[in-house]
Amino acid sequence: MPEWSQAGGWGLLAGSALLLGALAGWYLPVPQRVIASIMAFGAGVLLSAVSFDLIEDAHEQGGIVPTALGAAAGAVAYTLANLALARRGARHRKRSGQRQPTERERPGSGSAIAVGALLDGIPESVVIGASLLSGGPVSLVTVVAVFLSNVPEGLSSAAGMRRAGRPRRYVFLLWTAIALVSGIAAVAGYTLLGGAPPAVLAATTALAAGAILAMITDTMVPEAFEDAHLLVGLVTVAGFLTAFALSHT
């Protein structure tokens, strides 16, 4: 099987977790505290993956300067795009409570939420595709980390969309499309970065890492601590250690 198709398959697999989470969020009466705990676990997983997989790999490939510049650029780009989307009603796209606006309250917010969901998922998928460029197997740590974090993202966001009165057709078409785009983004990460110098690969990996880190703190952590209970910190650490263990096996 060509490596570009492998990249697409892994990206699609990781992205499909969003649809699985959305199904759970739409059809299952998951308590708010359970949603918060699952999101905390997913945030911990991604924090570990960013720290011990993406940033570490970027540093080994290109050194501290491309890594630092790439991470900063990723965080800035994500933040600016997120600010623009927030003004159009997508600020609370991953919240499961009553924070998401209805289309009547904010016309066009549904489209903004869709674009925001794409913004959140593309950097992760690009990194999955780029991880095949070394000639070895895909970074299973990255795939597992993205998969585990995508489940609570889809769950929480779909629950919030349901409470905001968005149609079921809209919700599931959205997450299906994002899963497909995740596969396409992974292919793009593999094909567009093939043959790139190590410094460019390092900066690109770090850029994605910076965007992911900004996404975690802006959209995942608030939901995780919305109805914080005494164990939510431990759950976050459990997610962090789970991904750390995967990266060192």
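Residues numbered from 1 in each chain as written. Predicted model: local features only at pLDDT ≥ 70, side-chain atom pairs only at ≥ 80, totals over all residues. Heavy atoms only, no water.

Re the side chain of Ser156
For step 1, the next point in the chain: Within the secondary structure, Ser156 is located in helix H5 (residues 140–163).
For step 2, the next point in the chain: Ser156 has contacts with Ile35, Met39, Lys94, Arg95, Ser96 and Glu223, leaving out every residue within four places of it along the chain. (Helix = DSSP H or I, 4+ residues; strand = E, 2+ residues; numbered from the N terminus. Contact = heavy atoms within 4.5 Å.)

Describing the packing of aromatic side chains
In this description, a pair of aromatic rings is defined by centroid distance and the angle of the planes.
For step 1, the next point in the chain: Per the counting criterion, the structure on display carries four aromatic pairs.
For step 2, the next point in the chain: Ring centres of Phe52 and Phe240 lie 5.7 Å apart, and the angle between their planes is 75°; this geometry places the pair in the edge-to-face category. Of this pair, Phe52 sits in helix H2 (residues 32–62) while Phe240 sits in helix H8 (residues 232–247), and the two are 188 residues apart along the sequence.
For step 3, the next point in the chain: Plain terms: the ring middles of Phe52 and Phe244 are 4.8 Å apart, the flat faces sit at 70° to each other, and that makes the pair edge-to-face. (Phe/Tyr/Trp six-rings, centres within 6.5 Å; stacked < 30°, edge-to-face > 60°.)

Examining the confidence of the model for the chain
For step 1, the next point in the chain: Mean pLDDT over the chain stands at 87; residues scoring 70 or higher make up 98%.
For step 2, the next point in the chain: Ranking the elements of the chain by mean pLDDT puts helix H4 (residues 109–130) last with 85 and helix H3 (residues 64–90) first with 93. (pLDDT = per-residue confidence, 0-100.)

Observations regarding the packing of H2 against helix H7 (residues 198–224)
For step 1, the next point in the chain: Interhelical geometry of H2 versus H7 gives an angle of 165° and a closest axis separation of 9 Å. Of the possible angle classes, the one that applies to H2 and H7 is roughly antiparallel. Once H2 is placed against H7, the crossing between them reads as left-handed.
For step 2, the next point in the chain: The residue inventory of the contact of H2 with H7, partitioned by class, reads 23 nonpolar, five polar and one charged. (Axes fitted to C-alpha atoms, helices over the stretch in contact; angles between N-to-C directions. Parallel < 35°, antiparallel > 145°, perpendicular 65-115°, else oblique. Left-handed = near helix turned anticlockwise from the far one by under 90°. Nonpolar A, V, L, I, M, F, W, Y, C, P; charged D, E, K, R; others polar.)

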